[in-house]
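This is what each chain is made of:
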Amino acid sequence: MKKISHFINGKLYSDKTARTGPIFNPAIGEKIGEVELGSKSTVELAIQSSKNAFIKWSKTTPINRSRILSKYKDLLMKNMEELAAIVSEEHGKTIPDAKGSVQRGIEVVEYATGITDSLKGDHSSSVGTNVDSYSMRQPLGVCAGITPFNFPAMVPMWMYPVAIACGNTFVLKPSEKDPSCPIRLAELAIEAGLPPGVLNVVNGDKEAVDTLLESKDVQAISFVGSTPIAEYVYHTGTKNNKRVQALGGAKNHMVVMPDADVDKTTDALIGSAFGSAGERCMAISVAVCVGKKTAENLKTKLLEETSKLKVGPYTDKESDFGPLNNKAHYEKVLSYIDIGEKEGAKLIADGRNMKLQGYENGYFVGPTIFEDVKPDMKIYKEEIFGPVLSMITTDTYEDALKLVNDHELGNGAAVFTKSGMIAKHFTENAKIGMIGVNVPIPVPVAYHSFGGWKRSLFGDHSMHGPEGVRFYTKLKTATVTWSEDNSGPEFTIPVLS
Ligand code: NAD
């Protein structure tokens, strides 16, 4: 049985008196390890370590920081198989899916290796006679990241590579459900030459999160998780005078226009609704068909293709997707399917009662599809975060867009169409942070920024890319003269000439 502790000041750190939480393999539904749940004092130790490391790290030249990150990127690539296997075992997703997510994380490290360019300020000569002005972006200090269970490698890597490339030090508090991969990520960073304390990892639950939120030594908090906790982290963190970006849950719509190619749309919908068992914040969970004929055509093809999907453990190469991550979440997803039936939605594919031979205790739910879903139903309003797709039919494109815009969550949305006019209108008018045009999971690449609107993001900054640099740096502007003239004191606001 594995024992996972913390990674503080360049090495593993264990507190034998700590509370522990179980680590499960969700495919077999069995406990495979234990994780220490960091106490206030353990988290404070990590913060202190990052505080000590900040002084030297922030003065390390950006190019030298980049060189370490470049070595780190190579090491991550070299260890991709191992990292993906750890993710799959504890999360449940298939190996190719886990690899894809590690790869997307590595791309942020790759972006961070070139961040020197984004740290350059603006320079204006002669803003006045013999006066120049220039700006610079400086690091904040100790930053912290709190991450969810669904991407134990990628989401942490949305945060700390950018933060440390900007000269900050970082305390990561990953999900206690799949904590092994973040520890490995930190070990590899040390192997790449990152000084001890620049990246610390503390495992834990609310106690650890609250310690980070209340610490006077933490300057900024990045959070990714469910909307209620995102809102809590945002309000508590900002009340404690921290800069906070808190990304929350999602209910992503795909608008299917009558001119959309049915085969391509079906493939895109199946992959995005059921891939990773729907445990992606960019999963499509609502298909909005414009017109009854569109709905009928899509439904026929969708049921045909869905019946061919194979749900199974990550160890089976044939599996299209795996189990849900944990028992509580599994029961929650099943209860939403029960609720949908009671609310009067028509269940046309039922993923309950899946029993796989040899994996009877695994948290498997098969592809589930509801039609005739109404906007006032709980299964439409709330995030389910499982392989459960709702289908809605509207008479017009305008009605479909209104649904997208009236939903309280605004992470991603897609439109499938051959019309450039509709695509442009949707892109410009959907109140959503990330838009796909004939792309079902429009996750921005590392050099753009990731983040939703409405109750999918609390705070002003998205993650990674240019927004990440802005979040992890403070702007300073200098006005400078070396003139030897002295015309005496000036008592009015200076007007340069
Ligand atoms: P969660 O909100 O339960 O947990 C996220 C983090 O918060 C974990 O580290 C957890 O330990 C901590 N936490 C949990 N309860 C807490 C509490 N009461 N007080 C303080 N901290 C607490 O989320 P999850 O179940 O791990 O992940 C799934 C959610 O994450 C989904 O809602 C999904 O949409 C969301 N998510 C969003 C994005 C995005 O970019 N918007 C990306 C991935 C996942």
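Residues numbered from 1 in each chain as written. Predicted model: local features only at pLDDT ≥ 70, side-chain atom pairs only at ≥ 80, totals over all residues. Heavy atoms only, no water.

**Q** What is the right way to read unusual backbone geometry from this model?
**A** Generally, phi is negative for residues other than glycine and the peptide bonds are trans, each holding for most cases. For N130, which is not a glycine, the phi torsion comes out positive at approximately 60°. Looking at the element boundaries, N130 is found in the loop between β6 (123-128) and β7 (131-139). For N130, a relative accessible area of 48% translates into the label partly exposed. Even without being glycine, S276 reaches a positive phi, approximately 55°. (Helix = DSSP H or I, 4+ residues; strand = E, 2+ residues; numbered from the N terminus. Buried < 20%, exposed > 50% of the residue type's maximum accessible area, 1.4 Å probe, protein only.)

**Q** Help me out: how do you make sense of empty space enclosed by the protein in this one?
**A** Summed over all chains, the structure comprises 2 cavities of 30 Å³ or more. Estimated volume of the largest cavity: approximately 110 Å³. Taken as a whole, the second largest cavity holds about 40 Å³ of empty space. Lining of the second largest cavity is provided by R104, V108, W158, V443, P444, V445, A446 and H464. Its residues assigned to classes, the lining of the second largest cavity shows 6 nonpolar, 1 polar and 1 charged. (1 Å grid on protein atoms, 1.4 Å probe; cavity = no way out; pocket = protein on both sides within 12 Å on 5 of 7 lines; lining within 4 Å. Points joined across faces, edges and corners; volume = space filled by probe spheres on them. Nonpolar A, V, L, I, M, F, W, Y, C, P; charged D, E, K, R; others polar.)

**Q** Explanation requested: the site of the ligand in the structure shown.
**A** Looking at the ligand, there are 28 residues lining it, with K173, E176, S226, G248 and E383 nearest. G225 is positioned with one of its backbone polar atoms (N or O) 3.3 Å from an oxygen atom of the ligand. Between the ligand and G248, the relevant distance is 2.7 Å, taken from a nitrogen atom to a main-chain nitrogen or oxygen of the residue. Bound to the protein, the ligand loses 87% of the 850 Å² it would expose on its own. Every element with two or more residues in the shell around the ligand is listed here: α8 (206-214), β11 (218-224) and α9 (227-239). Along the lines of polarity and charge, the residues of the shell around the ligand split into 15 nonpolar, 9 polar and 4 charged. For the shell around the ligand, the domains that each give at least three residues are domain 1 (2-248 + 456-478) and domain 2 (252-437). (Near = heavy atom within 4 Å. Polar contact = N/O pair within 3.5 Å; in protein donor to acceptor, adjacent residues only side chain to side chain. Areas by Shrake-Rupley, 256 points an atom, 1.4 Å probe, with all protein chains shown as cover. Domains from an automatic or database assignment.)

**Q** Explain helix α11 (residues 292-306) to me, please; I cannot follow it from the model alone.
**A** Three- or four-residue spacings in an α-helix give side chains the same orientation, since the helix completes a turn every 3.6 residues. Between the first and last C-alpha of α11 there are 20 Å, a value that for 15 residues agrees with the 21 Å anticipated at 1.5 Å per step. Of all the residues in α11, the buried ones are T294, A295, L298, K299, K301, L302, E305 and T306. Next to the buried residues of α11 lie β13 (252-256), α10 (262-274), β14 (284-290), β15 (346-349), β16 (368-371) and β17 (388-394). (Expected span 1.5 Å × (residues − 1). Contact = heavy atoms within 4.5 Å.)

**Q** I'm lost on the sheet that holds strand β4 (residues 19-25) in this one. Help?
**A** In sheet architecture, strand pairing relies on hydrogen bonds along the backbone and comes in two forms, parallel and antiparallel. Judged by pairing direction, the sheet is mixed, and its 3 strands sit side by side in the order β1-β5-β4 without closing on themselves. On the outer flanks of this sheet lie β1 (2-4) and β4, each paired with one strand and no other. In this sheet, adjacent strand axes meet at a mean angle of 30° when their direction is disregarded. By the bridge criterion, 3 bridges tie β1 to strand β5 (residues 30-37) in an arrangement that is parallel. Looking at β5, one finds that I4 is bridged to V35. (Pairing = 2+ DSSP bridges. Axes fitted to C-alpha atoms, helices over the stretch in contact; angles between N-to-C directions.)

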